[in-house]
Amino acid sequence: MEFTAQLIADFIKGEIAGDANVTVSSFAKIEEGRPGSLSFLANPKYEKYLYETASSIVIVNKAQKITNSVNATLIKVDDAYMAFASLLELYHSSLPEKTGREEPVSVAASAQLGKDVFLGAFSCIGENACIGDGVKIHPQVYIGENVRIGDRTVLYPGVKVYRGCVIGSDCVLHAGVVIGADGFGFAPQTGADFKKIPQIGNAVIEDRVEIGANTCIDRATMGSTIIRRGVKLDNLIQVGHNVEIGENTVIASQTGISGSTKVGANCMLAGQVGLAGHLTIADGTKIGAQSGLNSSVTEPESTIMGTPAFGYKDWLRSSIIFKQLPNMKRKIDELDKKLNEKTDG
Amino acid sequence: MEFTAQLIADFIKGEIAGDANVTVSSFAKIEEGRPGSLSFLANPKYEKYLYETASSIVIVNKAQKITNSVNATLIKVDDAYMAFASLLELYHSSLPEKTGREEPVSVAASAQLGKDVFLGAFSCIGENACIGDGVKIHPQVYIGENVRIGDRTVLYPGVKVYRGCVIGSDCVLHAGVVIGADGFGFAPQTGADFKKIPQIGNAVIEDRVEIGANTCIDRATMGSTIIRRGVKLDNLIQVGHNVEIGENTVIASQTGISGSTKVGANCMLAGQVGLAGHLTIADGTKIGAQSGLNSSVTEPESTIMGTPAFGYKDWLRSSIIFKQLPNMKRKIDELDKKLNEKTDG
Amino acid sequence: MEFTAQLIADFIKGEIAGDANVTVSSFAKIEEGRPGSLSFLANPKYEKYLYETASSIVIVNKAQKITNSVNATLIKVDDAYMAFASLLELYHSSLPEKTGREEPVSVAASAQLGKDVFLGAFSCIGENACIGDGVKIHPQVYIGENVRIGDRTVLYPGVKVYRGCVIGSDCVLHAGVVIGADGFGFAPQTGADFKKIPQIGNAVIEDRVEIGANTCIDRATMGSTIIRRGVKLDNLIQVGHNVEIGENTVIASQTGISGSTKVGANCMLAGQVGLAGHLTIADGTKIGAQSGLNSSVTEPESTIMGTPAFGYKDWLRSSIIFKQLPNMKRKIDELDKKLNEKTDG
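Only a predicted model underlies this, so the values are computations on that prediction, with no experimental measurement involved.

Draft legend 1. The overall build of chain A, seen in detail. A tally of helices and strands in chain A yields 5 helices and 39 strands. In summary, chain A has a C-alpha radius of gyration of 27 Å against a globular reference of 20 Å for 345 residues, an excess of more than 25%. Reported as C-alpha extents along the three principal axes, the dimensions of chain A are approximately 90 × 70 × 30 Å. Here chain A, with 345 residues, has 57% of them falling under the buried criterion. The contacts in chain A between residues at least 6 apart in sequence include a share of 17% that link residues at least 24 apart. Of the roughly 13,900 Å² of accessible surface on chain A, 49% is carried by carbon and sulfur atoms. Of the side-chain charges in chain A, 34 are positive and 38 negative, and the distance between the mean point of each set is 5 Å.

Next comes the structure, spelled out in structure tokens:
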């Protein structure tokens, strides 16, 4: 399908500079653009791509300075990134959607399925599970007994949800996600191996949560592991038993959160971060990649880094000196020698 | 189901303080207790919850000091945590168990299944596989050719066991676990890409091992990767080819162990630890979170931390000074200046 | 099956020292050898095993010094490791291969399958998917719409490939691998939760790539995430959207690469490394375990380490001093005191 610059400008309420009749049929990053593709420029730092790109149309911010000649047709809007995202969304929503029921599937007689549920081949739905309207259950998904899933949630192939867990509406769970496996609870026994502590709680995922591929969210020992509304989790993340993650917190890949830790709302955790158990992380905390925390963060809106983590800017300063440690040691030895010479002299 | 304090006290051989007829129907953490729930207090540090909790019954240690008025009925035992765990276990064992055989499944004619095996829908059992009595194979599990599995082992949905691997009795493998994928063995070739070294060994999991969701245990190049009796592995752990993990060792989430490393018995590895290949870790070693080891640990019962790891207390001391490095540098510059002034003066 | 030393020597073009008629029927590491097993010794460091091993045959380098009496029959070749690997390969290729089509499977009418494809039970092949000759699709694999897979590629049980992704020839994808899940793209919205940026690109895996168990390779926002020819990825690795990994680069377990980063050719990344987004890593870069990079590497063939990473040898020097920081601080305090005494005196 082809779209003219005029049509696109009308949709995103933008102003055209250039040929309004030029057409595009695909999206591309501005630096990878080709004739017939639509791009955007939001960060003024990349202005040069505006003059180099082969894309036919570029959406730009009204505030963007143009200091050179541009081949592409420009569409000027208040927020180029958001306008472009809305076009991606439009395109995405036009993709054919899976509906109906593939065969074979294994659905318990007592399970309740809402309207317009897609049920992919080789999926299992356990006793008394309750699935909302418009839910997409892709192939090879497992939904245990007594699981509840809200409306319009998407479970990609191979997602596993253990018995009794609860998933809200408008969630997206990517392939290989495991919800509700046993928390890691073992008690030492004198003269014997560890005793398993049964994990009889569940995991509760609220609405509008997205969970990346192969991420694991353990069930609680008692009560619930809770992922609050709007949380976004990347791939290969570990969330231990009885953890709670506050609203709209965003966590990057391979981060691990140990049992009973409470992460506040609107936090941002970078990749490969590790949090010890039983901590409390204040709202709005930002934690740099690979940081390790063994104590709570009480001050909201802090930005921290390192293992153990402290203020990000201080960590940067210490890191710079870490590289210079051999020089520093040499300097100290010199001072020592000088001082001894003077003392001896 | 409801249980009286009297009935519970009889079961765990405890003494009642308070109303013996009060009933509970659920478990809760003491700080999350509600009327009708049963809690425990093991750590004297949390004594205050005893006076605040809304739980109807609390199991406490006989040694617990009580300095204030308590609403709940108390049951006093020698070890509150263990008594509570035994009740959790009792409850857990009362949950309905899966039995029989769902359809469809794919079972090779030459496979041998023991008595009372549960076989979930869409599972595969390969040629000559041998499955013990009472094994629970949940849906969508894959068991390759010549795999042997001991009695009463539980394989949760989506577990994959490659051909020729061996799993003991009373093991638990959580969803998404992969046993016996190829070890990462490639040899450089001059003027060409890497040559794959075939991985013809297997992986052997002994009895009473628990393996967390999406954890991977590679097969050996030759011989066996071995996980000894009683080992507990958390989620998303990587165990390389020809690794051996000693009895009752416990390893937290996202830790990685490189090829041919031998971890001793009764070790505790925290989360996100990395061990290089071909190391030997002495029995009883404790390794702090995110530590990285590139050399062996020869002293049993050491506690180490950091990358590269050294004594935990020493690491703590160095970490504190790491934060002060900018101050230290300033101090050295001052000393230098002062000394030069004196020398010049 | 048994093979004589003579037969093996003929195959690998080696010279026999010892009994040419001795037979072996299995492979073993030299230190784990038993009568009837074949071993190799490539690293002169382990020479002692030559005199201790119970293996019946050992393949050695012609250059290997022999300073003691050896029980095993030796076969001397130019490159013992490669000769041994070729025997492993011969053995491996003699294992029975899966062929044909198990039932049930779910194959879209519009999907095209090449010759001699193995299709395991409970696998799904989506609309317009195109599968090359000799491809092995093990059980419980998911292949989405419009996916293309080259000849002879092996997909182990439970691999999930999202719609529109492309996989080359002679690739190996281990159990639980997820190709083409959505990249982690969310835009903050004032006064609301994050807005998902649709991920409409794909992931492209070129020829001769191996991908370890439970590794995740996200699809691009636009365009393609690209894994170039000959790349080898270990288990539990995260590859973000729009990443590109150059030819023959090798990456160890649990490493994570953030969105839009370009890793060069012939790089080696150790385990648990983290790369921030939008970086460029020069060809031939070697990155030590657990390193974290927040800036690009412009110098080819560098070896770096640490968080943030710098030259490996410099990092080693700084790490040694890190352990001595408490001593260093004490020294500085002493110097300060001495200097003040002198000044006061």
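Draft legend 2. The relation of the copies chain B and chain A, seen in detail. Note on the identical chains: chain B maps onto chain A by a rotation of 120° and an axial translation of 0.0 Å, with an RMSD of 0.0 Å. What the rotation and shift describe, once combined, is the action of a three-fold rotation axis. Relative to the rotation axis, the C-alpha of Phe122 of chain B is the closest in chain B, positioned 3.7 Å from it.

Draft legend 3. Summary view of the interface of chain B and chain A. Across the boundary between the two partners, chain B contributes 59 residues, which contact 66 residues of chain A. Carbon and sulfur atoms supply 66% of the area buried between chain B and chain A, which totals about 5,200 Å² over both sides. Three residues stand out in chain B for area buried against chain A, namely Phe122, Phe322 and Leu339 of chain B, and they jointly supply 11% of the buried area on that side. Across the pair Lys196 of chain A and Glu210 of chain B runs a salt bridge whose closest N-O atoms are separated by 2.8 Å. Where chain B meets chain A, there are 26 residue pairs in polar contact (both at pLDDT 80 or more). Residue assignment for the side of chain B that touches chain A shows that the elements contributing at least two residues are helix H3 (80-93), strand S27 (232-233), strand S30 (250-251), helix H4 (312-323) and helix H5 (325-344) of chain B. By residue class, the composition of the side of chain B that touches chain A is 31 nonpolar, 16 polar and 12 charged.

Draft legend 4. Summary view of the sheet that holds strand S5 (residues 37-41) of chain B. Residues and elements named next belong to chain B. Pairing is mixed in the open sheet, where 5 strands are placed in the order S2-S7-S6-S5-S4. Two strands in the sheet have a free side with no partner beyond their single neighbour: strand S2 (15-17) and strand S4 (26-27). Inspection of the sheet shows S4 paired to S5 by 2 bridges, in the parallel sense. By the bridge assignment for S5, Ser26 is matched with Ser37. Its contacts with the sheet place helix H1 (residues 5-12) against S2, S5, strand S6 (57-61) and strand S7 (73-77), and it is angled at close to 5° to S7. Of the strands in this sheet, S4, S5, S6 and S7 are in contact with H3, which crosses S5 at around 150°.

Draft legend 5. Fine view of a nonpolar patch on the surface. All names here are of chain A. Side chains of Met1, Phe3 and Leu7 sit close together on the surface and give an oily, nonpolar patch of about 350 Å² of accessible area. Inspection of the secondary structure assignment puts Phe3 in strand S1 (residues 3-4). Classification of Phe3 as partly exposed rests on a relative accessible area of 34%.

Draft legend 6. Structural context of the pairing of S5 of chain B. All names here are of chain B. With respect to burial, S5 is a largely interior element, 5 of its 5 residues being buried. Of the two faces of S5, both are covered, the one formed by Ser37, Ser39 and Leu41 as well as the one formed by Leu38 and Phe40. Relative to S6, S5 is paired through 4 bridges, and the arrangement is parallel. Across the sheet, the residue bridging to Phe40 is Ile59, located in S6.

Draft legend 7. Fine view of the sheet that holds strand S20 (residues 178-179) of chain C. Read from one edge of the open sheet, 10 strands run S8-S11-S14-S17-S20-S25-S28-S31-S34-S37 (chain C), paired in parallel fashion. In the strand order of this sheet, the two ends are held by strand S8 (106-107) and strand S37 (292-293) of chain C, each with one partner.

Draft legend 8. Structural context of the packing of helix H1 (residues 5-12) of chain C against helix H3 (residues 80-93) of chain C. Residue and element names in this part refer to chain C. Direction vectors running N to C along H1 and H3 enclose 105°, while the axes themselves pass 10 Å from each other. Classified by the interaxial angle, the pair formed by H1 and H3 is roughly perpendicular. Residue-level contacts link Ile8, Phe11 and Ile12 of H1 to Ala83, Ser86, Leu87 and Leu90 of H3. Broken down by class, the residue content of the contact of H1 with H3 amounts to 6 nonpolar, 1 polar and no charged.

Draft legend 9. Molecular detail of the interface of chain A and chain C. Taken residue by residue, the interface counts 60 residues in chain A and 68 residues in chain C. Of the roughly 5,200 Å² buried at the junction of chain A and chain C (both faces included), carbon and sulfur atoms supply 66%. Taken as a group, Phe122, Phe322 and Leu339 of chain A account for 11% of the area that chain A buries against chain C, more than any other trio of residues on that side. Counting the contacts that link chain A with chain C gives 4 salt bridges. Across the pair Lys195 of chain C and Glu89 of chain A runs a salt bridge, and its minimum N-O distance is 3.2 Å. Among the elements that take part in the side of chain A that touches chain C, helix H5 (residues 325-344) of chain A stands out by supplying 11 residues, more than any other. By residue class, the composition of the side of chain A that touches chain C is 31 nonpolar, 16 polar and 13 charged.

Draft legend 10. Focus on the pattern of salt bridges. Taken as a whole, this structure holds 44 salt bridges over all chains when the rule is applied. Close ionic contact of Arg101 of chain A with Glu103 of chain A constitutes a salt bridge, the shortest N to O distance being 3.7 Å. Classification of Glu103 of chain A by relative accessible area gives exposed; the value is 53%. Linked by salt bridges that have partners in common, Asp182 and Lys196 of chain A together with Glu210 of chain B make up one network.

Draft legend 11. Here's a closer look at the domain arrangement of chain A. Examined at the domain level, chain A breaks down into domain 1 (3-94) and domain 2 (106-312). Just the C-alpha atoms count here: the centres of domain 1 of chain A and domain 2 of chain A sit 38 Å apart.

Draft legend 12. Here's a closer look at the side chain of Gln254 of chain C. Among the secondary structure elements, Gln254 of chain C is positioned in the loop between strand S30 (250-251) and strand S31 (256-257). Polar side-chain contacts of Gln254 of chain C include one of 3.2 Å to the backbone oxygen of Gln254 of chain B.

Draft legend 13. Spotlight on unusual backbone geometry. All names here are of chain A. Omega for the peptide link from Glu103 to Pro104 comes to -5°, which places this bond in the cis form. Following the sequence through the fold, Pro104 ends up in the loop between helix H3 (80-93) and strand S8 (106-107). With a phi angle near 65°, Phe122 is a residue other than glycine that sits in the positive phi range. Structurally, Phe122 can be placed in the loop between strand S10 (118-119) and strand S11 (124-125). On the basis of relative accessibility, which here comes to 1%, the residue Phe122 falls in the buried class.

Draft legend 14. Summary view of the pairing of strand S23 (residues 202-205) of chain A. All names here are of chain A. Neither face of S23 is open: one carries Asn202 and Val204, the other Ala203 and Ile205, and all of them are buried. Relative to S23, strand S18 (residues 166-167) runs parallel, the two being bridged by 2 bridges. Along S23, the bridge assignment pairs Ile167 with Ile205. Looking at chain direction, S23 and strand S26 (residues 224-227) are connected through 4 bridges and run parallel. The residue bridging Ala203 from the neighbouring strand is Thr225, located in S26.

Reading guide: rules and limits
Residues numbered from 1 in each chain as written. Chains lettered and ligands numbered in written order. Predicted model: local features only at pLDDT ≥ 70, side-chain atom pairs only at ≥ 80, totals over all residues. Heavy atoms only, no water. Helix = DSSP H or I, 4+ residues; strand = E, 2+ residues; numbered from the N terminus. Rg over C-alpha atoms; globule rule 2.2 N^0.38 Å. Buried < 20%, exposed > 50% of the residue type's maximum accessible area, 1.4 Å probe, protein only. Contact = heavy atoms within 4.5 Å. Areas by Shrake-Rupley, 256 points an atom, 1.4 Å probe, with all protein chains shown as cover. Lys, Arg positive; Asp, Glu negative; His and termini not counted. Charge placed at Lys NZ, Arg CZ, Asp CG, Glu CD. Least-squares fit on C-alpha atoms with pLDDT ≥ 70 in both. Buried area = accessible area lost by both parts, 1.4 Å probe. Salt bridge = Lys/Arg side-chain N within 4 Å of Asp/Glu carboxyl O. Polar contact = N/O pair within 3.5 Å; in protein donor to acceptor, adjacent residues only side chain to side chain. Nonpolar A, V, L, I, M, F, W, Y, C, P; charged D, E, K, R; others polar. Pairing = 2+ DSSP bridges. Axes fitted to C-alpha atoms, helices over the stretch in contact; angles between N-to-C directions. Patch = residues over 30% accessible without salt bridge, like charges linked within 9 Å, V, L, I, M, F, W, Y side chains within 5 Å. Parallel < 35°, antiparallel > 145°, perpendicular 65-115°, else oblique. Domains from an automatic or database assignment.

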